[in-house]
Amino acid sequence: MTKKSELDGFRRTLTTRQAELSGGRYKREALAIETSADELDRIQQAQERDFAVGVLNRESVRLREVRAALRRIESGSFGICLNCEEEIGAKRLAAV
């Protein structure tokens, strides 16, 4: 099982990452639909909007993963594989 000092380190790292990802929710201005008479401007704006949607999507998934990891720390199941229920080494946890 992961040591308390290691768990505290993971908790700090995950809490920091959660704060960073939560702050990303305010980057939604790139999703605004703007009208333009110029076809090229509309195409560029659509591409920028698609890119912003992708970024928000990835950040949302990552935020859910971070929150789930924090819940596992609190429940005492952090460091246990969800599929095979074997212990995950500290180096692997740190890498992920």
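Note that the coordinates shown come from a computational prediction; the quantities given were computed from them, not determined experimentally. (Residues numbered from 1 in each chain as written. Predicted model: local features only at pLDDT ≥ 70, side-chain atom pairs only at ≥ 80, totals over all residues. Heavy atoms only, no water.)

J.: So, the overall build of the protein: which residues are in play, and what are the values?
T.: The helix and strand tally for the protein stands at 3 helices and 0 strands. Starting at the N terminus and walking to the C terminus, you meet the elements of the protein as α-α-α. The buried share of the protein, taken over its 96 residues, is 23%. For the protein, restricting intrachain contacts to residue pairs at least 6 apart in sequence, the fraction spanning at least 24 positions comes to 66%. (Helix = DSSP H or I, 4+ residues; strand = E, 2+ residues; numbered from the N terminus. Buried < 20%, exposed > 50% of the residue type's maximum accessible area, 1.4 Å probe, protein only. Contact = heavy atoms within 4.5 Å.)

J.: Residues and numbers for the nonpolar core, please.
T.: Judged by nonpolar contacts, L7, F10, L14, L21, L63, V66, A69, L70, I73, F78 and L93 together constitute the single largest core of 11 residues. Of all elements in the fold, only α1 (4-23) and α2 (39-75) reach the threshold of two or more residues within this core. The contact partners of L21, leaving out residues within four places of it in the chain, are E59, R62, L63 and V66. (Core = buried A, V, L, I, M, F, W, Y, C linked by side-chain atoms within 4.5 Å.)

J.: Let's hear about the layout of surface pockets: which residues, and what values?
T.: The calculated volume of the largest pocket comes to roughly 610 Å³. In terms of lining residues, the largest pocket is bounded by 20 residues, among which A69, R72, F78, L93 and V96 are the most central. For the lining of the largest pocket, the secondary-structure elements that each account for two or more residues are α1, α2 and α3 (90-95). Considering every element that reaches the lining of the largest pocket, the biggest residue donor is α2, with 5 residues. Considered class by class, the residues forming the lining of the largest pocket number 12 nonpolar, 3 polar and 5 charged. (1 Å grid on protein atoms, 1.4 Å probe; cavity = no way out; pocket = protein on both sides within 12 Å on 5 of 7 lines; lining within 4 Å. Points joined across faces, edges and corners; volume = space filled by probe spheres on them. Nonpolar A, V, L, I, M, F, W, Y, C, P; charged D, E, K, R; others polar.)

J.: Quick rundown of the environment of E6? Include the residues and the values.
T.: Turning to its location among the elements, E6 is positioned in helix α1. Separated by 84 residues in sequence, E6 and A90 have C-alpha atoms that sit 7.8 Å apart.

J.: Give me the lowdown on unusual backbone geometry, citing residues and values where you can.
T.: Of note, E85 is a non-glycine position whose phi angle comes to about 65°, a positive value. Along the polypeptide, E85 turns up in the loop between α2 and α3. In this structure E85 comes out as exposed when scored by relative accessible area, which is 63%.

J.: How would you explain the environment of D8 if you had to name every residue and give the values?
T.: If you trace the backbone, D8 turns up in helix α1. The class for D8 is partly exposed, based on a relative accessible area of 22%. Considered as a pair, D8 and I73 are 65 residues apart in the sequence and their alpha carbons are 9.0 Å apart. Only 2.9 Å separates the side chain of D8 from the side chain of R11, close enough to count as a polar contact. (Polar contact = N/O pair within 3.5 Å; in protein donor to acceptor, adjacent residues only side chain to side chain.)

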